[in-house]
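Next come the chains, spelled out residue by residue.
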Amino acid sequence: MSGMRWKTSVQAMPKAILFLLFLGYGPLMHGEASASGDDADSSSLSSNNEGSTTFAAALSTEPIGENPSKSGSNKTAEMIALLEEISELRDSRRIDSDEEEWAEKLSKLVDKAESLDNTKTAELKGELYLLGEGFPRNLTLALKFLKEAAAKGNPRAQMHLGFMYGKGFHKNGLADKDEAQSLLNYYFAALGGVAEAQMVLGFRHLYGYGVPKSCTASMKYYSKVADAVVEYHSKKAISKPIELVRLSDDKARNNKLEETEDVIQYYQHSADNGNADAQVALGQLNFYGARGVQQNTEAAARYFRQAAEQGNAAAKANLAQMHMQGLGVEQNNKTAFKYFHEAAAKGDAAAQNGLGYMYLHGYGTTKDQKKAIKFFKMSAEQGNVDAQFNLGVMYFGGMGIDVDYGAALQYFTLAGHQGHIRSLFNLAQMHMNGLGTVQSCPIAVKLFKSVSERGYWAKWLTSAHKDYIREDYDSALIKSVWLLLILYKCHPFMLV
């Protein structure tokens, strides 16, 4: 998708928006479901908690240089699997983890990675030394490893170098920033497809910080990142929510991000005694793997089922979605339709949206676009973000209703105000192309920027907060400065 071309017709719209606009979503986890039969396997869906993947998933798993030979393909696959394992280990680091044991596990995995891909491992080591994560913080060694990887064309290493030069970390201090080297490395990293570098350049071009001010150039960078963010979320079965904290709030800043064992046991005790609200709460915690609870979709389904048996509408809506996706339970569209119908009858907005989704695609029932619109509207009137998005889809595509770009824009705007990623993306496309509104580069680029900020890098917010709570203030500072640089409206030369 190119943000440079200004299109004026639906036929000329990028494939990305046409693809997105004709997808429906479930009430809790967005995505497609199987239409091949009542018990057909469901394709993967992504969560409406449009958060991010693990912190370390920012690490590239693509081989550097030429395409791997057939003999090297097994080594490449092994490296990819190993990087995923490292990512999971970094993400699993709790505030109360045994740091020595955790660091030892990480070190062993990094040593194993070094035998498979020296360049990739050099970039990884550079990042770990920079952050002081599992390795003692050492900016000199971080610079050494990152330079080594960058010299061999590793774009993520170039991105990290851009950060270090821009903040003066290449000389263990902030007094000797090298903006020329910083910008050069960011440009190379952006050309290599590193989203964070593209965001830095998008922001600089938007406001003319050290580069020519150009809305078109800014949109070129931000639209690429936004496209990747939307694609990423479309592939996620479950995305863990990111909990935002205002660090100026002393109480919120020092609150733990993970529930204690006593709190979890209290919930379990209440749930075991038939408290439906506690059952739903435990179902949510287990489904998303939130608040330090290990993700377990089977346990989530068990808790939702207990509450559903008591007639809890929210539990039925959750259970319906899980049956539609086949997460933690057997995939069964008829069962999903049954639960959606029962919960929708009680006025549950998520269930009404889910019912509309199933009518729209004919999952577990006869396809009926008129009924789909009816239930989407019932849900949207209660403020359900997915239903608002789905109505935008219906009006944009003329699905069971006349095409109306103005109405589509209205519903996408309502959902966008609640942070719905696909709605924001579609709004950006509509403003870029002048569909249902006046064509506007400034509005389009700011919407693309908003989508870009919801990528996997948002995980650093939680990681930095955990560092702060465990009193690792240097790591918290570095991560926070980096986030300020790529996510927020701060002059890059003013960041320290």
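In this text the structure is predicted, and so the values were computed from the model without any measurement.

Taken N-terminus to C-terminus, the directions of helix α15 (residues 333-345) and helix α16 (residues 349-361) make an angle of 140 degrees; their axes are 8 Å apart at the nearest point. Regarding the angle of α15 to α16, the classification is oblique. The handedness of the crossing between α15 and α16 is left-handed. Seen from α15, the contacting residues are N333, A336, F337, F340, H341, A343 and A344; seen from α16, they are A351, Q352, G354, L355, M358 and Y359. Looking at side-chain class alone, the contact of α15 with α16 contains 9 nonpolar, 4 polar and no charged residues.

Position of Y221 relative to the elements: it lies in helix α9 (residues 215-235). The exposure class of Y221 is buried, given its relative accessible area of 11%. Along the backbone, Y221 and L201 are 20 residues apart, and their C-alpha atoms lie at a distance of 7.0 Å. Discounting chain neighbours no more than four positions away, the residues touching Y221 are Y187, A190, Q198, L201, G202 and H205.

Attention shifts here to the nonpolar core. By size, the foremost hydrophobic cluster in this structure holds 83 residues, and its most contacted members are M358, F448 and V451. Grouped together as the second largest cluster of nonpolar side chains are 44 residues, M79, A122, L143 and M159 included.

This brings us to the packing of aromatic side chains. When we look at a pair of aromatic rings, we describe it by the centre distance and by the angle of the planes. One pass over the full model with this rule turns up 13 aromatic pairs. With 5.9 Å between their ring centres and 10 degrees between their planes, Y359 and F375 make a pair best called stacked. Within this pair, whereas Y359 is found in helix α16, its partner F375 is found in helix α17 (residues 369-380), the two being separated by 16 residues in sequence. Site record: aromatic cluster; members linked through ring pairs are Y129, F135 and F145. Residue placement shows K220 over the ring face of Y221; its charged tip is 5.7 Å from the ring centre. In this arrangement the basic side chain of R302 is found over the ring face of Y303, its NZ or CZ atom lying 5.4 Å from the centre.

Moving on, we come to a nonpolar patch on the surface. Nonpolar side chains collect at one region of the surface, where L184, F188 and L191 lie side by side and expose about 340 Å² of accessible area between them. Relative to the helices and strands, L191 is located in helix α7 (residues 179-191).

Attention now goes to helix α3 (residues 99-114). Compared with an ideal rise of 1.5 Å per residue, which puts 16 residues at 22 Å, α3 spans 22 Å between its outermost C-alpha atoms and is within 8% of the ideal. For α3, the full list of buried residues reads W102, A103, L106, L109, V110 and A113. One side of α3 holds all its buried residues, which, seen down the axis, span an arc of 125 degrees. Facing away from the buried surface of α3 by more than 90 degrees, the exposed residues are E100 and K108.

Looking now at the packing of α16 against α17. Relative orientation and spacing of two packed helices are given, respectively, by the angle between their axes and the distance between those axes. As a packed pair, α16 and α17 sit with axes 8 Å apart at the nearest point and diverge in direction by 165 degrees. Put simply, α16 runs roughly antiparallel to α17. With respect to the hand of their crossing, α16 and α17 are arranged in left-handed fashion. Contacts from A349, Q352, N353, L355, G356, Y357, Y359 and L360 in α16 reach Q369, K371, A372, F375, F376, M378 and S379 in α17. The class makeup of the residues in the contact of α16 with α17 is 9 nonpolar, 5 polar and 1 charged.

Any residue range with low pLDDT should be treated as having predicted coordinates unsuitable for detailed reading. Chain-level pLDDT for the protein is 77 on average; 71% of the residues reach the 70-or-more range. With pLDDT under 50 throughout, residues 1-71 is counted as low confidence; its partners more than four residues away or in other chains account for 226 contacts. Note that pLDDT drops below 50 for residues 489-496; the model gives that stretch 24 contacts with residues more than four away or on any other chain.

This next bit is on the environment of I421. Within the secondary structure, I421 is located in helix α20 (residues 421-433). The spacing of I421 and E453 is 32 residues in sequence and 9.9 Å in space, taken between C-alpha atoms.

What follows is about α17. Working note: α-helix, 3.6 residues per turn, so residues spaced by three or four point in the same direction. Compared with the 16 Å implied by 1.5 Å per residue over 12 residues, the 16 Å span of α17 between its first and last C-alpha is a close match. If you check which residues of α17 are buried, you get A372, I373, F375, F376, S379 and A380. If you check the start of α17, you find a side-chain oxygen 3.1 Å away from the backbone N of K370, and it comes from D368.

So, on to the pattern of salt bridges. All told, the structure shown has 11 salt bridges when counted by the stated rule. The salt bridge involving R90 is made with E127; its shortest N-O contact spans 2.9 Å. Taken together, the residues R90 in helix α2 (residues 73-91) and E127 in helix α4 (residues 118-131) connect sequence positions 37 residues apart. On the basis of relative accessible area, R90 is assigned to the buried category, the value being 4%. Using a relative accessible area of 2% as the deciding quantity, one classes E127 as buried. Notably, a salt bridge pairs K105 with E101, separated by 3.7 Å at the nearest N-O pair.

Rules and cut-offs
Residues numbered from 1 in each chain as written. Predicted model: local features only at pLDDT ≥ 70, side-chain atom pairs only at ≥ 80, totals over all residues. Heavy atoms only, no water. Axes fitted to C-alpha atoms, helices over the stretch in contact; angles between N-to-C directions. Helix = DSSP H or I, 4+ residues; strand = E, 2+ residues; numbered from the N terminus. Parallel < 35°, antiparallel > 145°, perpendicular 65-115°, else oblique. Left-handed = near helix turned anticlockwise from the far one by under 90°. Contact = heavy atoms within 4.5 Å. Nonpolar A, V, L, I, M, F, W, Y, C, P; charged D, E, K, R; others polar. Buried < 20%, exposed > 50% of the residue type's maximum accessible area, 1.4 Å probe, protein only. Core = buried A, V, L, I, M, F, W, Y, C linked by side-chain atoms within 4.5 Å. Phe/Tyr/Trp six-rings, centres within 6.5 Å; stacked < 30°, edge-to-face > 60°. Lys NZ or Arg CZ within 6 Å of the ring centre and 35° of its normal. Patch = residues over 30% accessible without salt bridge, like charges linked within 9 Å, V, L, I, M, F, W, Y side chains within 5 Å. Areas by Shrake-Rupley, 256 points an atom, 1.4 Å probe, with all protein chains shown as cover. Salt bridge = Lys/Arg side-chain N within 4 Å of Asp/Glu carboxyl O. Expected span 1.5 Å × (residues − 1). Arc of directions from axis to C-beta. pLDDT = per-residue confidence, 0-100. Polar contact = N/O pair within 3.5 Å; in protein donor to acceptor, adjacent residues only side chain to side chain.

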